[in-house]
Amino acid sequence: MALRHAVLAALLDGELSGYQLAKAFDLGVANFWHALPQQLYAELARLERDGLVSGREIVQDTRPNKRVFTVTDAGLAELERFAAADGKPSFIRDDLLVKVQAADHVDAGEVIARLTERAAFADAKIRLLGGLLRKLRGDRGEEEFLRHGERIGPYLTCLRGLAFEQGNRDWCRRSAAILEERRAAHARE
């Protein structure tokens, strides 16, 4: 997947400025694609140049003018092509796993501290995603929303992000507990 596809998907709900796009990425798209605001602005320029999005300037009296972007028919066709293409399996690339891999030969206390930090980060993300899910479904229950909601894609990707963070948190806590237990057992020997 390229950043272009993530940007196109984020623009499906209507026109957004680069700033609004960056905020949308922070809230929802970041679960599956991380990009810095500078990368988003550069990608918007490329997408506009390639005819996949159209931009227009909005004149504002009290603030600087802004450009907003929408997906064009060519952009929708590109998303169709992308959706129909074979996907590549994902893989984990995480420096924390390297630290855990080396746990038998490095200070286990430091590894436990990193695991604890990551679990806390996952907890914060779980709370954020839970709030986003509630916002997306409004006053509907989850099952009703899943059956009848208008835009289910963002909800499903948010559910995936939630499951990912829950799995991360649980693994970190378990790994930290195992390392702590082993460290305590070795101290008693």
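Everything numeric here is computed off the predicted structure, so don't read it as measured data.

Engineer: Help me understand the overall build of the protein in this model?
Structural biologist: Broken down by element type, the protein carries 8 helices and 3 strands. Helices and strands in the protein line up, N terminus first, as α-β-α-α-β-β-α-α-α-α-α. If you take every contact in the protein between residues at least 6 apart in sequence, the share linking residues at least 24 apart comes to 57%. Each charge class in the protein was averaged separately, 29 positive and 29 negative side chains, and the resulting centres sit 2 Å apart.

Engineer: How should the pairing of strand E3 (residues 66–71) be read in this particular structure?
Structural biologist: For a regular strand, side chains alternate in direction, first toward one face of the sheet and then toward the other. Pairing geometry for strand E1 (residues 16–17) and E3, over 2 bridges, is antiparallel. Bridge pairing in E3 links Leu16 to Phe69. Sheet topology note: the strand E2 (residues 53–58)/E3 ladder contains 6 bridges and is antiparallel. Counterpart to Val53 in the pairing with E3 is Val71.

Engineer: What's the story with the pattern of salt bridges in this structure? I'm lost.
Structural biologist: Side-chain pairing between opposite charges can occur once the charged atoms of the two side chains come close. Counted by the stated rule, this structure contains 17 salt bridges. For the salt bridge of Asp50 with Arg4, the shortest nitrogen-to-oxygen distance reads 2.7 Å. Of this pair, Asp50 sits in the loop between helix H3 (37–49) and E2 while Arg4 sits in helix H1 (residues 3–10), placing them 46 residues apart in sequence. The residue Glu110 makes a salt bridge to Arg114 at a minimum N-O spacing of 2.7 Å. Taken together, the residues Glu110 and Arg114, both in helix H6 (residues 108–137) and 4 residues apart, mark about one turn of the helix. Salt bridges sharing partners connect three or more residues here, namely Arg4, Glu43, Arg46, Arg49 and Asp50.

Engineer: Before we go on, may I ask you to explain the UniProt feature "domain: Transcription regulator PadR C-terminal" (unreviewed entry) in the protein in this structure?
Structural biologist: What UniProt calls "domain: Transcription regulator PadR C-terminal" (unreviewed entry) maps, in this numbering, to residues 92–180. The span residues 92–180 shows a helical share of 82% and a strand share of 0%, and its end C-alpha atoms are spaced 24 Å apart.

Engineer: Quick question: what am I supposed to make of the side chain of Ser17 here?
Structural biologist: Relative to the helices and strands, Ser17 is located in strand E1. Under the relative-accessibility criterion, Ser17 is labelled buried at 5%. With near-sequence residues (within four places) excluded, Ser17 lies in contact with Lys66, Arg67 and Val68.

Engineer: Would you explain the environment of Gly14 in this entry?
Structural biologist: With respect to the secondary-structure elements, Gly14 resides in the loop between H1 and E1. Distance from Gly14 to Val71, taken between C-alpha atoms, is 8.0 Å for residues 57 residues apart in sequence.

Engineer: Looking at this model, I keep getting lost on the packing of aromatic side chains. Mind explaining?
Structural biologist: Each aromatic ring pair is characterised by the separation of its centres together with the angle its planes make. Going through the model one piece at a time under the given rule, you end up with 1 aromatic pair. Note on Phe145 and Tyr155: the rings are 4.7 Å apart at their centroids and 50 degrees apart in plane angle, and the pair reads as tilted. Here the residue Phe145 occupies a position in helix H7 (residues 142–148), and Tyr155 occupies one in helix H8 (residues 152–188), the gap between them amounting to 10 residues. Across the pair, Tyr155 and Phe145 agree in class, each one buried.

Cut-offs used in this document
- Residues numbered from 1 in each chain as written.
- Predicted model: local features only at pLDDT ≥ 70, side-chain atom pairs only at ≥ 80, totals over all residues.
- Heavy atoms only, no water.
- Helix = DSSP H or I, 4+ residues; strand = E, 2+ residues; numbered from the N terminus.
- Contact = heavy atoms within 4.5 Å.
- Lys, Arg positive; Asp, Glu negative; His and termini not counted.
- Charge placed at Lys NZ, Arg CZ, Asp CG, Glu CD.
- Pairing = 2+ DSSP bridges.
- Salt bridge = Lys/Arg side-chain N within 4 Å of Asp/Glu carboxyl O.
- UniProt positions renumbered as here; feature names shortened; annotations may be inferred.
- Buried < 20%, exposed > 50% of the residue type's maximum accessible area, 1.4 Å probe, protein only.
- Phe/Tyr/Trp six-rings, centres within 6.5 Å; stacked < 30°, edge-to-face > 60°.

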